[in-house]
Every structure is written in structure tokens, then in C-alpha cells.
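# Structural features, examined
Now for the letters of each chain:
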Amino acid sequence: MKWGKTYKLMKEMTTKPTGKDYVGSDDLYADVQRTMRLAAEMNTGWHTEEEVRGYLREITNSDIPDTVRVFTPLHINYGRTTRFGDDCFVNFGCTFLALGGITIEDGAFIGPHCVLATEYHPEAPAYRHELRTKPIVIGRNAWLGADVKVLAGVTIGENAIVAAGSVVTKDVPANMVVAGSPAKVIRPIDPER
């Protein structure tokens, strides 16, 4: 996609995740640029956990609990619709396409190189340049293994485990282990394991 077309898409976005096509805002485009600048600064060099949380507070324009741990780099395009719960952890190299809204609930673990993509384009070629969103929720104490991809509109249930390398296209029930591409339920969580 050419830069001019990308700029046109960004100019047509709203500031709230709607799960629909985005419609126009220079302010949103400016905020996306601001977020990407802050993320680049956060990802450059070494920073203490406190400094990383400081960047995340600026990026999200919200309170970040002191128990949140994020290992950089974290690539994020929009922070104002991203929320981090207590005691959550995000490992190295994750990407958040966050215009649709990302909620990471208390105690959730996100493994290295995971992608949370709230944004997507329609299948039909005539509409493919439209940008649409749906929110993603990572439930309380859920665990995403390394290199998991979570697509727009998905909720990962409380205590669920998503096996490394999975592509999650549908909601994951609470207390279940899922794996594969697309991810499918393998079994319930074993409380003795």
C-alpha cells in the first residue's frame, strides 16, 4: 500500500473503536504518529521496568499498574484503546495493532513475538482498502505461548492457554487449552499439572 493511501485511511479514522469502518480524524492520525514515536523511543536502548511503564502510561494515556512487566521491543500503533491489568506480562517482540482496542486482564501472560491484530481489511477487492476493527480481550490469567496470533474480535477466556504458534480466529473458552491454525480446543486445563 502506498503511503498516500495509508495516510488517507488514517485520516478517515475515528478516535473510538467501533468494530466498523473508520471515519475521519486528523487528530487520530497525529496520535498514531505520536504513539509510534513513543514506541520507537521506548524500544531504543535499555530502559528500566519503571521507565518502560512510564512510556506505556504516555502511549495509553492511562494508569499502568506498577506490577505490569513489558520486555521491549513492543510494537504498537495506537495506545489510547489499550489497557493493561495488574500482574500482566508481555514478552519480547510483540506487536499490537490496537486501533480496535486491546484489554489485557490481570495476571495474563503474553509470550514472545505474539501479534494482537484488532485491525483487518474486507475480503472483497472493491473494499479491501477500508480499515475495520474489532476489540481483543486477553482474559484474567490467560497465557499466550510464543508466536501466537490473535485476530480481531477474539476474546481469550480466563485461565485459558493458547499453544505456541497458534492462530486464534474465534473466542477461546475459559479454562481450556487450544492449539493450531486455526486454534481448536485440545482439552480442559488440568489443575494438577
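Placed above this text is the structure.
This section reports on the structure supplied with the text.

Reading the values: rules and limits
- Every chain is numbered independently, its residues counted from 1 as its sequence is written.
- Owing to the predicted nature of the model, reporting of local features is limited to residues with pLDDT of at least 70; listing and counting of side-chain atom pairs is limited to 80 or more, with chain, interface and lining totals taken over all residues.
- Side-chain descriptors were evaluated using all non-hydrogen atoms of the structure, hydrogens and water having been removed beforehand.
- Here is the rule: rings of Phe, Tyr and Trp (six-membered ring for Trp) pair when centre to centre is within 6.5 Å. Planes less than 30 degrees apart are stacked, more than 60 are edge-to-face, and the remainder are tilted.
- Helix and strand assignments come from DSSP, with helices taken as H or I runs of at least 4 residues and strands as E runs of at least 2, each series counted from the N terminus.
- Only protein chains enter the accessibility calculation, which uses a 1.4 Å probe; a residue whose area is less than 20% of its type maximum is buried, one above 50% is exposed, and one in between is partly exposed.

### Quick word on the packing of aromatic side chains
When we look at a pair of aromatic rings, we describe it by the centre distance and by the angle of the planes. This structure, assessed with the given rule, holds three aromatic pairs. With centroids separated by 4.9 Å and ring planes inclined at 85°, the aromatic side chains of Phe71 and Phe89 adopt a geometry described as edge-to-face. With Phe71 in the loop between β1 (69-70) and β2 (74-76) and Phe89 in strand β4 (residues 89-90), this pair connects stretches of sequence that are 18 residues apart. Phe71 sits in the partly exposed class, given a relative accessible area of 24%. What makes Phe89 buried here is its relative accessible area of 16%. Ring centres 6.2 Å apart and planes at 80° place the aromatic pair Phe89 and Phe109 in the edge-to-face group. Taken together, the residues Phe89 in strand β4 and Phe109 in strand β7 (residues 109-110) connect sequence positions 20 residues apart. Three or more aromatic residues link up through ring pairs in this structure, and these residues are Phe71, Phe89, Phe92 and Phe109.

### Quick look at unusual backbone geometry
Backbone torsion omega between Thr72 and Pro73 reads 10°, so that peptide bond is classified as cis. Of note, Pro73 is situated in the loop between β1 and β2. A cis geometry characterises the amide bond from Ser181 onward to Pro182, with omega recorded as 0°. You can see Pro182 is positioned in the loop between β17 (176-180) and β18 (183-188). Unusually for a residue other than glycine, Asp147 sits at a positive phi of about 65°. On the secondary structure map, Asp147 appears in the loop between β12 (143-144) and β13 (149-151). Exposure remark for Asp147: the relative accessible area of 37% places this residue in the partly exposed category.

Structural measurements only, silent on function.
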